[in-house]
Amino acid sequence: MQVKMARAVFFVTLSLASVVIAQDQPRRIGSIDFYGYLELDLDLIKSAIPVRVGEPYRGAETIESIDKAVRSTLHSPPTDVSPVCCDAQGNYMIYIGLPGVSSKGTKRNPVPRSKIQFPTSVTDLYEQTMAALTAAVVKGNTAEEYSQGFALSTSDPDLRAKQLAVHTYAIQHEKLIRDVLNSSRDARQRSVAAYMLGYARQSKQQIADLVRASHDTDDGVRNNATRALGALAESSPRVAAQIPAWPFIRMVSSPSWTDRNKAAWLLTSLTRSRDRRLLSELRNDAVPSLVEMARWRNPGHASTARILLGRIAGIPEERLVQLVNGDNAEEIINALRTPRE
């Protein structure tokens, strides 16, 4: 039951890949949510935002109007404006990052300087895989499994074929993939490498390189690296135990929506054993950010934070699954204030 819940969350986050296609379609705004707003006047900010749920999503125009409104209200820009497609009705979910005390930047890796890059055929394979992923999400073919340490579609043959082709390439060219990931000055190349490395042989070096890439200056690299670590963690408790949790506890409070989204998903796997020390670190360092995320309107995007808060609060797993699946965020949040034996 836990595994099904965690997978459902991951499927929703994959819909980020469909944004480019969906912008050409007449979609509306299905929800607007915020994060990073601790100690800010959120009601004031909400009232200043000129877009409303139910209105058409107009791409750059919508994003720019939100940016302008936040700047005017706070005299500071939003940390992020992420339009995510799509909810169950085919509408956009917009996530607005704010520069409150629950938004904390982390140290990033220096930008590499090498000109190393993949052959065009490899970047083409990556683009084809992302296109297949987008098409699968749009069709609702989101079921996948992680038993081999990487995502494999169980519902879309075209996507599965591309993922297996990536795996075949990654097994044969691990050195080049690592060299590009660690050395290329081109962020797009590093993003492709982070994705490819997730499909390579499982090893301590693979995990170490992906953890390092989760500190990249580029959102796309961090997203692909953390997603790959999440798939590895889902494959077995033994593998999950090799992934350090502390970088991702910090990432939960990132100014970037994709950072928060992927870090929370990874942490649901790392906390499955309910290690007391890890849950204590989460309580001390991440609760305000997790509460903000748990109150997001989309249950799929909010579920990871709700799982983590429930484990921190000591809610038994069976009851926690019921609360998460029942969309009972406030009961989970309130349990944090109730001491448990």
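Higher on the page you've got the structure.
On a predicted model such as this, the values are computed, not experimentally measured, just so you know.

1. Observations concerning the pairing of strand β2 (residues 80–85)
Then step 1. Counting buried positions along β2 yields 6 of 6 residues, so the element is predominantly enclosed.
Then step 2. Because side chains alternate across β2, one face comprises the buried residues Asp-80, Ser-82 and Val-84, and the other comprises Val-81, Pro-83 and Cys-85, equally buried.
Then step 3. Relative to strand β3 (residues 92–97), β2 runs antiparallel, the two sharing 6 bridges. Counted as the bridge partner of Pro-83 is Ile-94 from β3.
Then step 4. Counting the residues in the hairpin turn of β2 and β3 gives 6 residues, including Gly-90, whose phi is positive at 80°.

2. Points about the packing of helix α13 (residues 257–270) against helix α14 (residues 276–294)
Then step 1. Between α13 and α14, the least distance of the axes is 12 Å, while the angle of their chain directions is 140°. By the angle between their axes, α13 is oblique relative to α14. For the crossing formed where α13 meets α14, the hand is left-handed. Between α13, through Arg-260, Ala-264, Leu-267 and Leu-270, and α14, the contact on the second element is made entirely by Leu-278, Leu-282, Ser-289, Glu-292 and Met-293.
Then step 2. Grouping the constituent residues of the contact of α13 with α14 by class yields 6 nonpolar, 1 polar and 2 charged.

3. Some remarks on the sheet that holds β3
Hydrogen bonds between backbone atoms are what pair the strands of a sheet, whose relative direction is either parallel or antiparallel.
Then step 1. Taken in spatial order, the 3 strands make up an open sheet running β1-β3-β2, and their pairing is mixed. Unpaired on one side and paired on the other, β1 (29–35) and β2 mark the two borders of the sheet. Averaged over all pairs of adjacent strands, the angle between strand axes in this sheet comes to 20°, irrespective of strand direction.
Then step 2. Along the sheet, α13 makes contact with β1, β2 and β3, crossing β2 at roughly 60°.

4. Overview of the state of the cysteines
Then step 1. Per the stated rule, a full pass over the model turns up 1 disulfide.
Then step 2. The disulfide that involves Cys-85 links it to Cys-86, with 1.5 Å between the sulfurs.
Then step 3. For Cys-85, a relative accessible area of 0% corresponds to the buried category.

5. Looking at the packing of aromatic side chains
Then step 1. Using the criterion set out here, one finds 9 aromatic pairs in the structure.
Then step 2. Ring pairing ties together the aromatic residues Tyr-35, Tyr-95, Trp-257 and Trp-296, which thus form one cluster.

6. Thoughts on the packing of helix α10 (residues 219–235) against α13
If you want to describe how two helices pack, look at the angle between their axes and the distance between the axes.
Then step 1. Look at α10 against α13: their axes get within 9 Å of each other, and the N-to-C directions meet at 15°. As the angle between them shows, α10 and α13 are arranged roughly parallel. Seen along the crossing, α10 lies across α13 with a hand that is left-handed. Together, Asp-219, Arg-222, Asn-223, Thr-226, Arg-227, Leu-229, Gly-230, Ala-231, Ala-233 and Glu-234 of α10 and Thr-258, Asp-259, Lys-262, Ala-263, Trp-265, Leu-266, Ser-269 and Leu-270 of α13 make up the contact between the two elements.
Then step 2. Here the residues of the contact of α10 with α13 sort into 7 nonpolar, 5 polar and 6 charged.

Criteria and cut-off values
Residues numbered from 1 in each chain as written. Predicted model: local features only at pLDDT ≥ 70, side-chain atom pairs only at ≥ 80, totals over all residues. Heavy atoms only, no water. Buried < 20%, exposed > 50% of the residue type's maximum accessible area, 1.4 Å probe, protein only. Helix = DSSP H or I, 4+ residues; strand = E, 2+ residues; numbered from the N terminus. Pairing = 2+ DSSP bridges. Axes fitted to C-alpha atoms, helices over the stretch in contact; angles between N-to-C directions. Parallel < 35°, antiparallel > 145°, perpendicular 65-115°, else oblique. Left-handed = near helix turned anticlockwise from the far one by under 90°. Contact = heavy atoms within 4.5 Å. Nonpolar A, V, L, I, M, F, W, Y, C, P; charged D, E, K, R; others polar. Disulfide = S-S within 2.5 Å. Phe/Tyr/Trp six-rings, centres within 6.5 Å; stacked < 30°, edge-to-face > 60°.

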